Amino acid sequence: MKYIKITLILTLLLSSVSQIVISQNINDISNIDNMSDEQVSSYWEAAKKKGLTLNQIEQAAKIKGISDAQVSKFKQRVASLTNNSENNSSKSTVNKQTETLVGQNRFGHSGKDGKSVLKSSQFGMDFFSNPNISFTPNLNLATPETYQLGPGDELLIDIWGAAENKYSQKVGVDGSIRIKNIGPVYVSGLSIKEAKTKIVSYLRKIYGGINASNSSYNKVNVDVSLANVRSVHVNIIGEVKVPGTYTLSALSSVLNALYASGGPTENGTFRNVKIFRDGKNLANFDIYKYLTTGNQDGNVMVRDQDIIIVSPYFNRIFVEGEVKRPGIYEFKDGETIHDLIKYFGGYTPQAYKDRLTVERISGSQKEIKEVVVESDVSFKLKDGDRFSVKRISNRFVNRITIQGAVYRPGAFELTKELSVLDVIEKASGVKDNAFLERGIIYRTINGVDKEIISFSVKDILNKNKNIFLKREDDVHIFSVNGLKENYTVSIDGAVNNAQTIPFVEKMQIEDLIAISGGYKEGADVTTIDISRRSNDGTFKTISKNVRVSSTNNLVLNKDIVYLKPFDRVSVRYIKGFTTQKSVSVIGEANYPGKYALENKEERVSDLLEKAGGISPYAYVNGATLIRNSSVDINKGQQNKAIDNLNEKQDSIIVKKNKENRIGIDLDKIMKNKKSKFDLILKEGDKLVIPSVKQTIEVQGEVLSPTVIRFEKNYSLRDYINSAGGFSEKARKSKTYVVYANGEIKSTKKFLFFKSYPKIEPGALILVPHKTVVKNPLTTQEVIGITTSIATLGVLINTLTK
C-alpha cells in the first residue's frame, strides 16, 4: 500500500513538472528555422502525447509572443513530416484498398520476383510529399508591376546620384507610408508601378535633381521596390493533411497554399479543388491538368480570408504493367481511355499496346474486358477499374550471336543449315590476333539448360570440320591478347605528356619520350630513372631501379636501352629549376602592374620599391595584400568576420568578399624594411593600395545598415547612431571593427565601462546578433520545479520511515 501511494505521488508530481516543461518548450517554435526534422518530429510527438493539437500550440505560441510567420512555418514542417510518414505506410493502405497482396499479381498468383505488380502510389501524391522541393513564392524575383499594395507591405526607396539616401517604410493600416520631411503618401490599392510614380512625384519636392537630365552632374535617381510582402490568412479545409488557417505571403497561389497544408490526403480529390471568396465559388483547380499539361486554370492568387476546400475523390482506377507511370488515378465522370493514357504518360517501349486488359466490378462479382485502343476510342472509365498493360515477348525465333576476335561481332539471322564458318564469314572473318586453337559454342538445351561445344577455329577455317548452328547459339572466338595480361609502360616527370601506353617489343627510352611529346623545358636528360619489376625469387626485392642518360635531340645512339613490360620511366628536372613567378601592384603606386619575383625571400617592401613607391593620393592605412586561398589562408579576415556574423543571423545580411585579404601595415613596412611586418611574397600575391577613403560602412544588428561619410571627430557610437542605433537583438559589447587593410579590433570592457575601437576611413563596423538561450526557464517555473522536487523528497522520506 505504501508503494502504491508513492507511485501516485510520483505520477502527479511528474505530470506537474511536464506541464511546466511543455509550457516553456513553446519557445522552440521561435527557432523553427534552426530545428532539424528529428527535433520537430520529437517536439510534435511529445505535444501529441500531452493531448495538444496544432490549434492549441498555435494559441500558446501567440500568448508567448511568437509571430504568425514562425507558427506557420512550424505547421508546414509538421505537415511535411506527416506527409512522409503517411507515404511510407501508404503501401499497406493501398494494398488493402486494391486487394493486392505482396507476392501476388492482380489475379492472386505469385510473381517471379515476389513483389507486388501494382505500384502502390497515387498519382500526384508524391508531388506534395517531396521534402526537397518548396512552393514558397520567391521574394527575390522582381515583383509583378500589377501587384496591389496593402497594409503590411514594406517598400524600399533607394536614392542615389547627386544625393544618397535610403528609406524602408511599411504600409500602415491607414494605407500610407511616411517619408521624412514629406509626410504621408497613400499607396494602398495602387500597383507597384503606380506607387513608384506617386512616390517620385512627392520626392521631387526635396530632391530637385530628379528632374535633371541623365548627363547632368546634379542628377538624382530613385528606385522603389518591394522589400517585404504582407501576409494573408487562408483557411484550408477538407481532405488535406493538416487542415487549418495558414499565414501565407500575398504572392501565394492556391498551389502554394495546398503545399503548405501537405496537399490532399489519400481520400482527397486532385481534380476539383474549390476556392471560395466572399461566400462565392471563385474558381476550381484541377491538379492533374497542372501536372500533365501545366494548365493553371483556377490556380489564382489567394487573398485574406479565402477558403480552399478539398472534397473526397470522385472515382478511382488502377493502372499496372508497362506504362510510364503505373499507379492509382482519379477521373471525372465521362472521361475515356484516351484521357487515362494522357495521365499515365503513355507506354514503355516494351509494352504490348494493341490490347489492354481491364478487370471491372460488375455487381457483386468481377469481370474481364479487353480494350482495343485504336477501335474502342469511346471506352468509358468506371470506378474501381484495374488496367493491365502486358509486356511483349522477349523470345527470338531465329537469332544466333558471335563474340570475340571477329570484325563484326553481334547477333545474326539463323538461316537453314547455317554453320560456324558461315557466321564467321558474316562477321567479316576472324582478326589477326584470334586464338585459332580453340573456340566454344554456348548452346541451350530444351530452352532451359546450357552446354558448351568446343571446336578448333583452325579446322573450321580450313574446312576440315564444320558445325551447324541452332537457335540462340552463342559463338565465342578468343583473342591471343585476351588470354594474357596486358603489357604496358608508363612515363612521368619532365615530359610534355605523361602517360601509360601499351608495351611494344624493342621500344627504346627515346621512343617512349618522343611518343610522350618530348622533353619539357628544364629536363635533365642525363638523369632518367627506370623502375622495373623484379623476379629474383626472393621476398625482399620489390623492384629494380636503373638510371640512364639520353640526349636532348633524341638522336639514335649506340648505347641502346630497351624497355620491358611494366617499366616506369621518370625524367628528372635540372637541380634548382623553377618557372617564373609573378606578383602585382594595384592602385595608387607610381608604376602599378605585374612584376616577377627574383628570389624566394622577396618582400612587400621590395615589390613597392620596384613599383616606384606610392602615389600622392595613396591611402597607406588601407593597403592590403590579396593572396590565393591555396597559398596560405582559406579566408580573408573580413570574410571570416562576415561569416561569423552571418552564422548567427536568421538570414545572410552581409555579403561576403570573394577575395582573401591579409591585413598589413604599409606605413611600418616602408619605415622598417625586412621587419616582421614586411611579409615574404608568394606567387599570385596582389598588393592593393587604395585611394583616400571617405566612407564608413555599418552592418549587422542596427536599425538601418548603411554607408556613412567619414567624420574625423566621430566615435563608433556616433556612426551606430547614424545608422539608426542598435536593434533589440544587438550584442553591443561584442561590436567590432574590420579596418580597410583587414585588421580587426573589438570592443573592450572594464567593469561597467566600454572602450570602442577608433574609427578610420574605409572601416567596416559589425554589430553581432545576440545569442538566444534556448528554452529559458522563468523564475516562476524554476520555483515550481524546485518546490515539486523538494516536496517529493519530503514525502518519500516520510513514507519510507
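Residues numbered from 1 in each chain as written. Predicted model: local features only at pLDDT ≥ 70, side-chain atom pairs only at ≥ 80, totals over all residues. Heavy atoms only, no water.

### Describing the overall build of the chain
Test applied: Here a helix means four or more residues in a row that DSSP labels H or I, a strand means two or more in a row labelled E, and each is numbered from the N terminus. Here the term buried applies to any residue with accessible area under 20% of the maximum for its type, exposed to any over 50%, and partly exposed to those in between, with areas from a 1.4 Å probe on protein chains only. Accessible areas in this description were obtained via Shrake-Rupley with a 1.4 Å probe; residue shielding takes into account the shown protein chains only.
When you go through the chain residue by residue, the secondary structure sums to 18 helices and 37 strands. Across the 801 residues that make up the chain, the buried fraction comes to 40%. Surface accessibility of the chain: about 46400 Å² in total, with carbon and sulfur atoms responsible for 50%.

### Side note on the side chain of glutamate 330
Definition in use: Think of it this way: Lys and Arg go in the positive column, Asp and Glu in the negative one, and His and the chain ends go nowhere. A pair is scored as a salt bridge if a Lys or Arg side-chain nitrogen falls within 4 Å of a carboxyl oxygen belonging to Asp or Glu. Any pair of residues with heavy atoms lying within 4.5 Å of one another is described as a contacting pair.
Residue placement: glutamate 330 occurs in strand S12 (residues 327–331). Here glutamate 330 is buried and forms no salt bridge, its nearest opposite-charge partner arginine 316 lying at an N-O distance of 5.6 Å. Setting aside residues no more than four positions away along its own chain, glutamate 330 makes contact with Gly268, Thr269, Phe270, Arg271, Tyr288, Tyr313, Phe314, Asn315, Arg316 and Tyr343.

### Some details on unusual backbone geometry
Even without being a glycine, glutamine 305 presents a positive backbone phi close to 70°. With respect to the element layout, glutamine 305 can be found in the loop between helix H9 (287–293) and strand S10 (307–310). Residue class for glutamine 305 comes out partly exposed when judged on its relative accessible area of 49%. Here the phi dihedral of lysine 506 falls at roughly 60°; this positive angle occurs in a residue that is not glycine.

### Some details on the pairing of strand S3 (residues 176–179)
Heads up, the rule is: Paired strands, in this sense, are two strands between which DSSP finds at least two bridges.
Both S3 and strand S4 (residues 183–186) contribute to a ladder of four bridges, which runs antiparallel. Of the residues in S4, the one forming a bridge with isoleucine 177 is valine 185. The hairpin turn running from S3 into S4, its antiparallel successor, is three residues long, and asparagine 181 in that turn takes a positive phi close to 70°.

### Structural notes on the packing of aromatic side chains
Spelled out, the test is: Any Phe, Tyr or Trp ring, taking Trp's six-membered ring, that has another such ring centre within 6.5 Å forms a pair; planes under 30 degrees apart are called stacked, those over 60 apart edge-to-face, and the others tilted. For a lysine, the NZ atom is tested; for an arginine, the CZ atom; a charge sits over a ring if that atom is within 6 Å of the ring centre and within 35 degrees of the ring normal.
Under the counting rule described, the total for this entry stands at 14 aromatic pairs. Summarising the aromatic geometry, the rings of phenylalanine 127 and phenylalanine 128 are spaced 5.1 Å apart at their centres and angled 90° between planes, so their arrangement reads as edge-to-face. Aromatic side chains phenylalanine 128 and tyrosine 259 sit 6.4 Å apart centroid to centroid with 35° between the ring planes, which places their arrangement in the tilted category. Here tyrosine 259 lies in helix H8 (residues 254–260) and phenylalanine 128 lies in helix H6 (residues 125–129), a separation of 131 residues in the sequence. Under the relative-accessibility criterion, phenylalanine 128 is labelled buried at 4%. In this arrangement the basic side chain of arginine 386 is found over the ring face of phenylalanine 318, its NZ or CZ atom lying 5.6 Å from the centre. Geometry around phenylalanine 566 places arginine 533 over its ring, the cationic atom sitting 3.7 Å from the centre.

### Looking at the pattern of salt bridges
For the structure shown, the criterion picks out 27 salt bridges. Linking lysine 332 and aspartate 286 is a salt bridge whose minimum nitrogen-to-oxygen distance equals 3.5 Å. Here lysine 332 is found in the loop between S12 and helix H10 (337–343), whereas its partner aspartate 286 is found in the loop between strand S9 (280–285) and H9, with 46 residues between them in sequence. Here aspartate 665 ties to lysine 668 by a salt bridge, and the two come within 4.0 Å at their closest N and O atoms.

### A few points about the sheet that holds strand S7 (residues 244–249)
Test applied: Only the stretch in contact is used when a helix axis is fitted, and all axes are lines through C-alpha atoms; the angle between N-to-C directions ranges over 0 to 180 degrees.
Taken together, five strands build an open sheet; the order of strands is S7-S6-S10-S8-S9 and the sheet is mixed. Strand pairing shows two members of the sheet lacking a second neighbour, S7 and S9, which therefore form its edges. Direction aside, the axes of adjacent strands within the sheet are offset by 30° on average. With five bridges joining them, strand S8 (residues 273–277) and S9 adopt antiparallel strand pairing. By the bridge assignment, valine 273 is partnered in S9 with phenylalanine 285.

### Concerning the environment of isoleucine 237
Here isoleucine 237 is to be found in strand S6 (residues 231–238). The spatial distance from the C-alpha of isoleucine 237 to the C-alpha of isoleucine 309 is 5.2 Å, given a sequence separation of 72 residues. Discounting chain neighbours no more than four positions away, the residues touching isoleucine 237 are Pro243, Ile307, Ile308, Ile309 and Val310.

### Comments concerning a positive patch on the surface
Here is the rule: Only residues above 30% relative accessible area that lack a salt bridge enter a patch, with like-charged residues linked at up to 9 Å and the nonpolar side chains Val, Leu, Ile, Met, Phe, Trp and Tyr linked at up to 5 Å. Charge coordinates come from a single atom per side chain, which is NZ of Lys, CZ of Arg, CG of Asp or CD of Glu.
Where like charges cluster on the molecular surface, the positive patch consists of Arg717, Arg731, Lys732, Lys734, Lys749, Lys754 and Lys770. When you line up the elements, lysine 732 lands in the loop between helix H17 (716–722) and strand S33 (736–738). Note on lysine 732: relative accessible area 41%, which makes it partly exposed.

### Notes on the sheet that holds strand S14 (residues 365–372)
Within the open sheet, the five strands sit side by side as S12-S11-S15-S13-S14. Their pairing is mixed. Whereas interior strands pair on both sides, the edge strands pair on one side only; in this sheet they are S12 and S14. Shown here is a sheet whose adjacent strand axes are inclined to one another by a mean of 25°, direction ignored. By the bridge criterion, five bridges tie strand S11 (residues 315–321) to S12 in an arrangement that is antiparallel. Following the sheet pairing, phenylalanine 318 is matched in S12 by isoleucine 328.

### Comments concerning the nonpolar core
The tendency in soluble globular proteins is for nonpolar side chains to be buried as a group. Under the convention used in this document: Among buried residues, those of type Ala, Val, Leu, Ile, Met, Phe, Trp, Tyr and Cys that are joined through side-chain atoms within 4.5 Å constitute a nonpolar core.
Ile157, Ile199, Leu203, Ile308 and Phe387 are the most contacted members of the largest nonpolar core, which has 89 residues in total. The greatest single-element share of this core, amounting to six residues, is contributed by H8. Phe412, Val423, Val430 and Ala434 belong to the second largest nonpolar core, which has 22 residues in total.

### Comments concerning helix H2 (residues 37–49)
The criterion, for reference: One less than the residue count of a helix, multiplied by 1.5 Å, gives the span that helix is expected to have.
For H2, with 13 residues, the first-to-last C-alpha span of 18 Å sits near the 18 Å given by 1.5 Å per residue. Phi turns positive, to about 80°, at glycine 51, one or two residues after H2.

### Considering a nonpolar patch on the surface
A contiguous nonpolar surface patch, about 590 Å² in accessible area, is contributed by Phe750, Leu751, Phe752 and Phe753. Among the secondary structure elements, leucine 751 is positioned in the loop between strand S35 (748–750) and strand S36 (753–755).

### Examining helix H7 (residues 192–203)
So the rule is basically this: The directions from the helix axis to the C-beta atoms are what the arc is built from.
With 12 residues, H7 should reach 16 Å at 1.5 Å per residue; the first-to-last C-alpha distance of 16 Å fits that figure. What H7 keeps buried is the set Ile192, Ala195, Ile199, Val200 and Leu203. Mapping the buried residues of H7 onto a view down its axis gives an arc of 130°, with all of them on the same face. Seen from the open side of H7, the exposed residues pointing more than 90 degrees away from its buried face are Lys193 and Thr197. Elements in contact with the buried residues of H7: strand S1 (154–161), S3, S4 and strand S5 (220–228).

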